[in-house]
Amino acid sequence: MEPAELLSAYEQMTVIRRTEKAAHDLFLQGLVKGTTHLAAGHEAIAVGASAALRPDDYVFATYRGHHHAMARGATPEECLAELMSRATGLCGAKGGSMHLTKASTGMLGSYAIVGAHLPMAAGAAWSARLRGTDRIAVAFFGDGATNIGAFHETLNLAAVWKLPVLFVCENNLYMEYTPIADVTAVARPAADRAPAYGIPGEVVDGNDVVAVQEAVARHAGRARAGDGPALLEAQTYRHFGHSRSDPAAYRPAEEVERWLRHDPLDLARGRLAEAGVAEAVLREAEERATAVVQRAVEAAKAAPPPDPDEALTDVWADGGVAWRT
């Protein structure tokens with residue numbers, strides 16, 4: 001990344017981090033309906049990957065997908081309003097935290113069933129090729145999904161058909177509350193499985209936005225050229241528990257401290273300093289990010305609740321609700 005691109009990525013990651021903090025605070029105030037799965041600490045994966053993709057590429061994420069939605073064009077206001085069940089929410093208050101979707105920007109959904117979106121990403125990639133485009137699809141998933149049948153089935157078929165799809169594992173070391181290493185036969189739950197399907201497997205520092213951007217760009221180029229899928233394992237760490245009901249007391253204190261010293265924002269800040277970007281420029285970016293999120297919080301709070309008459313819209317593509325044969 002050029003310094004200007006890295007500065008933009010840093011500001012975007014800061015917006016996402018501030019939005020996640022706002023979601024946390026709004027939850028504690030009783031203003032967020034249902035649970036939330038915060039992605040604080042994962043920002044570099046979403047922002048770095050998006051920087052390497054085209055606007056018309058397809059992205060699929062998990063229930064921990066706030067960062068991907070925002071990296072692909074959803075605004076903090078749209079996301080917070082959705083979490084607060086407001087009419088102005090990204091999905092009109094019908095999706096909530098776990099189903100953020102913005103099809104107009106290629107963000108084809110966040111999915112609450114572990115691994116369920118992997119075959120959907122393969123389907124989108126197959127569709128892109130069938131239509132003669134060079135679009136690619138990217139599926140982001142957690143380390144726990146690597147032990148799910150859909151993961152292995154999808155990798156196999158994607159490899160057989162050489163589909164233009166990337167599989168990006170956000171390995172934060174824990175499948176909800178269980179360390180992934182305790183229940184997995186290989187040391188690297190994603191990358192070590194790639195050779196079995198004859199596709200490239202690579203481990204990348206998921207907290208380094210530049211490393212993520214470079215890896216995704218490289219494998220996206222392969223996929224567009226017809227060389228098939230790849231599997232990236234982005235090593236990262238969540239700053240909060242699995243969900244808002246989880247205090248994460250099971251994680252060793254020294255492990256938490258070690259990973260917090262490897263914060264994505266700090267790494268990007270360090271790179272920018274090495275590139276000669278002045279401290280004042282960084283502060284201005286942070287102030288802009290804070291202002292964006294503050295406005296988003298106030299706008300979401302002031303937004304109206306959804307109209308009950310809209311409850312049955314969006315069921316079909318034409319807005320209808322009648323069953324048909």
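Scope of this entry: the structure provided in the associated data block. What you see is a predicted model; the values in this text were computed from it and never measured.

Take the layout of surface pockets next. Its boundaries defined by the atoms lining it, the largest pocket holds a volume of some 330 Å³. Only β1 (58-62), α3 (66-71), β3 (137-142) and β5 (174-175) provide two or more residues apiece to the lining of the largest pocket. No other element matches the three residues that β3 contributes to the lining of the largest pocket. Partitioning the lining of the largest pocket into residue classes produces ten nonpolar, ten polar and five charged. In terms of lining residues, the second largest pocket is bounded by Asn171, Leu173, Tyr174, Pro179, Ile180, Ala181, Ala187, Pro189, Glu233, Gln235, Glu255 and Trp259. For the lining of the second largest pocket, the class distribution of residues is eight nonpolar, two polar and two charged.

The next subject is a nonpolar patch on the surface. Together, Trp126, Leu130, Leu157, Val160 and Trp161 line one region of the surface with nonpolar side chains, adding up to about 520 Å² of accessible area. Position of leucine 157 among the secondary structure elements: in helix α6 (residues 149-161).

What follows is about the sheet that holds strand β7 (residues 201-205). Taken in spatial order, the six strands make up an open sheet running β2-β1-β3-β4-β8-β7, and their pairing is parallel. In the strand order of this sheet, the two ends are held by β2 (107-111) and β7, each with one partner. With direction set aside, neighbouring strand axes in the sheet form an average angle of 20°. Looking at chain direction, β7 and strand β8 (residues 230-235) are connected through five bridges and run parallel. Among the inter-strand pairings, aspartate 205 is bridged to a residue of β8, identified as glutamine 235. Helix α7 (residues 209-224) rests against β4 (165-171), β7 and β8 of the sheet, and its axis sits at about 155° to β7.

Now for the nonpolar core. If you look at the biggest cluster of nonpolar residues, it comprises 61 residues, and the most contacted ones within it are Leu80, Leu166, Val209 and Val216. If sequence neighbours within four positions are ignored, leucine 80 has contacts with Thr19, Ala22, Ala23, Leu26, Ala296, Val297 and Ala300. Ala124, Ala137, Phe141 and Ile199 belong to the second-largest nonpolar core, a separate cluster that totals 24 residues.

Turning our eyes to something else, we now look at the packing of helix α1 (residues 3-28) against helix α2 (residues 43-52). Running from N to C, α1 and α2 cross one another at 140°; their axes reach a closest spacing of 10 Å. Taken together, α1 and α2 sit at an angle that is classed as oblique. Note that α1 runs across α2; the crossing there is right-handed. Contacts between α1 and α2 pair Ala9, Gln12, Met13, Ile16 and Arg17 from the former with Glu43, Ala44 and Val47 from the latter. When its residues are assigned to classes, the contact of α1 with α2 shows five nonpolar, one polar and two charged.

Applying the stated criterion to the full structure yields 15 salt bridges. The partner of lysine 102 in a salt bridge is glutamate 78, and the shortest N-O contact between them spans 3.1 Å. Pair noted here: lysine 102 is in the loop between α4 (76-83) and β2 and glutamate 78 is in helix α4, with a separation of 24 residues, a long-range link. One salt bridge in this structure joins arginine 271 and aspartate 208, with 2.8 Å as the shortest N-O distance. With a gap of 63 residues between them, arginine 271 in helix α9 (residues 264-274) and aspartate 208 in the loop between β7 and α7 connect regions that are remote in the sequence. One salt-bridge network, in which partners are shared between bridges, spans Arg54, Asp56, Asp134 and Arg135.

What follows deals with the pairing of β1. Two faces, one strand: in a regular strand the side chains alternate between the faces of the sheet. Burial of β1 is extensive: five of the five residues sit out of reach of the surface. Across the two faces of β1 the burial is the same, with Tyr58, Phe60 and Thr62 and Val59 and Ala61 all buried. In this structure, β1 lies alongside β3, joined through three bridges in parallel fashion. Bridged to valine 59 within β3 is valine 138. In this sheet, β2 lies alongside β1 in parallel orientation, the contact comprising three bridges. What sits directly across from threonine 62, in β2, is tyrosine 111.

Phi at leucine 173 takes a positive value of approximately 80°, unusual for a residue other than glycine. You can call leucine 173 partly exposed: its relative accessible area is 27%. Positive phi, close to 60°, is recorded for alanine 248, a residue that is not glycine. Summarising the element assignment, alanine 248 is placed in the loop between β8 and α8 (253-260).

Here is what the cut-offs are and how they apply
Residues numbered from 1 in each chain as written. Predicted model: local features only at pLDDT ≥ 70, side-chain atom pairs only at ≥ 80, totals over all residues. Heavy atoms only, no water. 1 Å grid on protein atoms, 1.4 Å probe; cavity = no way out; pocket = protein on both sides within 12 Å on 5 of 7 lines; lining within 4 Å. Points joined across faces, edges and corners; volume = space filled by probe spheres on them. Helix = DSSP H or I, 4+ residues; strand = E, 2+ residues; numbered from the N terminus. Nonpolar A, V, L, I, M, F, W, Y, C, P; charged D, E, K, R; others polar. Patch = residues over 30% accessible without salt bridge, like charges linked within 9 Å, V, L, I, M, F, W, Y side chains within 5 Å. Areas by Shrake-Rupley, 256 points an atom, 1.4 Å probe, with all protein chains shown as cover. Salt bridge = Lys/Arg side-chain N within 4 Å of Asp/Glu carboxyl O. Pairing = 2+ DSSP bridges. Axes fitted to C-alpha atoms, helices over the stretch in contact; angles between N-to-C directions. Contact = heavy atoms within 4.5 Å. Core = buried A, V, L, I, M, F, W, Y, C linked by side-chain atoms within 4.5 Å. Buried < 20%, exposed > 50% of the residue type's maximum accessible area, 1.4 Å probe, protein only. Parallel < 35°, antiparallel > 145°, perpendicular 65-115°, else oblique. Left-handed = near helix turned anticlockwise from the far one by under 90°.

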